[in-house]
Amino acid sequence: MEIKNKRGVCVMHLSKLKRFGYALAILGLGLTLTACGKKSSENDKVTISILQSKVESNKALKSIAKTYQKKHPNVEFKIQSIGGGTDYNPVLKTRISSGNAPTIFSLLGPADVIQFKKYAADLNGTKLAKLANKGTLDTVTDGGKVYGYPYNVEGYGFVYNKEVFEKAGIKPEELTTPDKFQEAVKQIDSKKDELGLDAVFATPGKEAWVFSDHLANLYLGQEFNGNSLKLYKSKSMKFTANQEMKDMLDLEMKYSVKPVMQVDYTSQVNKNFSEKKVAMVQQGNWIYSTIEGIDKDFANNGVGMMTIPVKGQEGKLPVGTSNYWAINNKKSDKEQKAAQDFLTWLYTSKEGKDLVVNKLHYVPAYKGYSDFKMPDALSQQVFNASQSGKVIGWSFPGYTGTPWDQNTMQPALQKYMSGKADWDQTVKTATDGWKKQQAEN
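Cut-offs applied
- Residues numbered from 1 in each chain as written.
- Predicted model: local features only at pLDDT ≥ 70, side-chain atom pairs only at ≥ 80, totals over all residues.
- Heavy atoms only, no water.
- Salt bridge = Lys/Arg side-chain N within 4 Å of Asp/Glu carboxyl O.
- Helix = DSSP H or I, 4+ residues; strand = E, 2+ residues; numbered from the N terminus.
- Buried < 20%, exposed > 50% of the residue type's maximum accessible area, 1.4 Å probe, protein only.
- Contact = heavy atoms within 4.5 Å.
- pLDDT = per-residue confidence, 0-100.
- Pairing = 2+ DSSP bridges.
- Axes fitted to C-alpha atoms, helices over the stretch in contact; angles between N-to-C directions.

Asker: For this particular structure, what's the right way to read the pattern of salt bridges?
Answerer: Any two side chains of opposite charge can pair, so long as their charged atoms come close to each other. Per the stated rule, a full pass over the model turns up eleven salt bridges. Aspartate 250 is the salt-bridge partner of lysine 246, the closest N and O atoms lying 2.7 Å from each other. Separated by four residues within a single helix, lysine 246 and aspartate 250 lie in helix 11 (residues 242-254), roughly one turn from each other. For glutamate 275, the salt bridge is made with lysine 277, and the minimal N-O distance between the two is 3.5 Å.

And the structure:
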């Protein structure tokens, strides 16, 4: 019989030494020490695989994983980031069907919740769910269950080069109406040679989501009051403000680097804007990290973001959440707990919060960040807008992830942008397609 001393160290009673002999005692001692020693470190190892949809966060997220591992050496990470021209959902579906499903994956809105909820753990009642800002969980809540944690709060508009606007004598904050904005665009275009520009915009015709989601949200989303659930449940859409969207899209294409249909996300953000070849791009605060990686000084001191001028929504910035962390409920309890611990650490610990704000450049979607200042001008503008209430809601997550977005709206817009369809055809294709999809659901 083995016993332990007061410090918990395993020992062998002396009577056993006498009873079994020294040779047997030595063998027994070795076995006993192995039995009551610590478990093999291999048993404590756990791998968290992450498949996430913000490609611009890839580098920072991998760095954060290494930071976490320093205090949690038993945790290993495998991180894959999908975006920038590659659709996320098909990759997730392939990973799931092939038996290589990730521990943590992204949900992009209510359509994804319906599609993937059988793989997503119910997070209702968890620490992070309780700390999430009001309204940020609405799109991932179904039947009283919460299927995701918000990545962050984001905003988008026209990200612009401050120096170009100053030299052109234009004040971005005054461009609150479509007419004023159009005049400014023409003014910059007339001076593009002396300003060292190739064009006013870099309009990414290859990235249809920039227009089907972000631009359409401002016009198509008006009848749904910026509410994604309302849109998602609607059987039809009127798209009454479609002409205003056409005017803005035409403006972006006319004064863009050419050919528009060959411009992708990388060309738009990395090559043209970050290298100061264009005055502005239609994008959001998430592009800061990309700009910083190319020109840190420009990212920190040379960029700003203005609102996209929309009638009746003057001075308001589209702010919302469209990316959520889901935890795979098909994984072992150990793996799910490790994933939960990591995400909770990231958004609630002192070290994690600092990384969220200053490494990922996320505008927090959780309580407990009142003492933080956003580290870059783009994120600070989103934070200010969300605090002031001067925002336009995000309705587009109501169709992101549905077949209508990828198979109807995006191709229809690209046909229009490439001159293969007129605008009336585009609007009809969009509205008829939505009605057909919703009737089948």
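Asker: Even after reading the chapter, I still don't get the side chain of serine 395, so can you show me in this structure?
Answerer: Position of serine 395 relative to the elements: it lies in the loop between strand 15 (391-392) and helix 18 (403-417). Residue classification places serine 395 among the buried positions, given a relative accessible area of 1%. When sequence neighbours within four positions are dropped, the list of residues in contact with serine 395 reads Asn217, Gly221, Gly226, Asn227, Ser228 and Leu231.

Asker: Can you walk me through the confidence of the model for the protein chain in this structure?
Answerer: For the protein chain, per-residue confidence averages 90 on the pLDDT scale, and 90% of positions sit at 70 or higher. A low-confidence stretch, residues 1-40 stays under pLDDT 50, and its non-local contacts, those more than four residues away or across chains, total 24 contacts.

Asker: Just checking my understanding: could you explain the sheet that holds strand 4 (residues 75-81) for this structure?
Answerer: Whenever strands of a sheet pair, they do so through backbone hydrogen bonds, lying parallel or antiparallel. The sheet built from five strands is open, its strands ordered 4-3-5-14-8 with mixed pairing. For this open sheet the edge positions go to strand 4 and strand 8 (149-150), each flanked by a neighbour on one side alone. Sheet topology note: the strand 3 (residues 46-52)/strand 4 ladder contains seven bridges and is parallel. For isoleucine 50, the partnering residue across the bridge sits in strand 4 and is isoleucine 79. Lying on the sheet, helix 3 (residues 58-71) is in contact with strand 3, strand 4 and strand 14 (324-327); it crosses strand 4 at an angle near 175 degrees. Most of the contacts of helix 15 (residues 333-348) go to strand 3, to which it runs at about 65 degrees, and overall it touches strand 3, strand 4, strand 5 (104-107), strand 8 and strand 14.

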